Structure formats: C-alpha cells, structure tokens
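Spelled out, the chains give:
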Amino acid sequence: MSVRKVTDEDGRTWTCKPEDSLPPAPGRDVLLLCTTPALKNLVVKVTVSWQWLKMAEKGLARMIVSHTPAHAH
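**A look at the nonpolar core**
Among the nonpolar cores identified, the biggest contains 16 residues, and W14, L32, C34, V44, V48 and I64 are the most heavily contacted of them. Among the secondary structure elements, those contributing two or more residues to this core are strand 2 (13-18), strand 3 (30-35), strand 4 (44-48) and helix 1 (57-66). Ignoring sequence-local partners within four residues, the contact set of C34 consists of W14, T15, C16, L42, V43, V44 and I64.

Next up, the structure:
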C-alpha cells in the first residue's frame, strides 16, 4: 500500500493512504484517507486520480484542506 506525506500552507503534515489496499487500476479514481497529528481524530476523505502519487504536493495539500470541515481549520 502506498503512503504519501504532504504539508499544507498552515504547516500541517498530512499522511494519506488509499482506502483500498489494492493497487489503483489505470483510469479509476482512488479514495484517500488523510490524517494529521495537528487535528486529532479527524480523517479527511479525498477522491483523486489513480496517479495521485505523481500529483504536485501543493495541489494535493490544497485538495485535502478543501475537504477538511470548517470547524477543524
């Protein structure tokens, strides 16, 4: 299973891993589960392209933050 860490504009480090442990199939979206120690007990779910490991770090971080509940910012 692939895991990726990205840092958002607020300096929080997010660890993301696919919900499914199988390798992503070409052309199929992947549901990521992302967590950060800065926001305990929060799991942010983001649907991304199957090539999510190649995404720009800042772009992935912005997607995570945009899916974070407003009360958690």
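Structure shown, so let's carry the discussion forward.
**Observations concerning the pattern of salt bridges**
Scanning the model with the defined rule gives two salt bridges in all. With its nearest N and O atoms 3.4 Å apart, the salt bridge here joins D10 to R12. On the accessibility criterion, R12 (10% relative accessible area) is buried. Within this structure, D8, D10 and R12 form a network of salt bridges that share partners.

**What to know about the pairing of strand 1 (residues 4-7)**
Burial along strand 1 is one-sided: the face carrying R4 and V6 is buried and the face carrying K5 and T7 is not. The pairing of strand 1 with strand 2 spans four bridges and is antiparallel. Paired with V6 across the bridge in strand 2 is W14. Between strand 1 and strand 2, which pair antiparallel one after the other, the connecting turn spans five residues, and G11 there sits at a positive phi close to 85°.

**Examining helix 1**
Residues lying three or four places apart along an α-helix face the same way, a consequence of the helix completing one turn every 3.6 residues. Within the sequence span of helix 1, burial applies to G59, L60, A61 and I64. Those residues of helix 1 that are buried lie in contact with strand 1, strand 2, strand 3 and strand 4.

**Some points on the layout of surface pockets**
It is the rolling of a water-molecule-sized probe over the atoms that shows where space remains empty. Its boundaries defined by the atoms lining it, the largest pocket holds a volume of some 200 Å³. Lining the largest pocket are P18, E19, D20, L22, P23, P24, A25, R28, D29, V30 and L31. In the lining of the largest pocket, the residues fall into seven nonpolar, no polar and four charged.

**As for the pairing of strand 2**
Residues W14, C16 and P18 of strand 2 are buried on one face, while the alternating residues T13, T15 and K17, pointing to the opposite face, are not. One ladder, built from four bridges, connects strand 2 with strand 3; its direction is antiparallel. Its bridge partner lying in strand 3, C16 is registered against C34.

Rules used in this analysis
- Residues numbered from 1 in each chain as written.
- Predicted model: local features only at pLDDT ≥ 70, side-chain atom pairs only at ≥ 80, totals over all residues.
- Heavy atoms only, no water.
- Core = buried A, V, L, I, M, F, W, Y, C linked by side-chain atoms within 4.5 Å.
- Buried < 20%, exposed > 50% of the residue type's maximum accessible area, 1.4 Å probe, protein only.
- Helix = DSSP H or I, 4+ residues; strand = E, 2+ residues; numbered from the N terminus.
- Contact = heavy atoms within 4.5 Å.
- Salt bridge = Lys/Arg side-chain N within 4 Å of Asp/Glu carboxyl O.
- Pairing = 2+ DSSP bridges.
- 1 Å grid on protein atoms, 1.4 Å probe; cavity = no way out; pocket = protein on both sides within 12 Å on 5 of 7 lines; lining within 4 Å.
- Points joined across faces, edges and corners; volume = space filled by probe spheres on them.
- Nonpolar A, V, L, I, M, F, W, Y, C, P; charged D, E, K, R; others polar.

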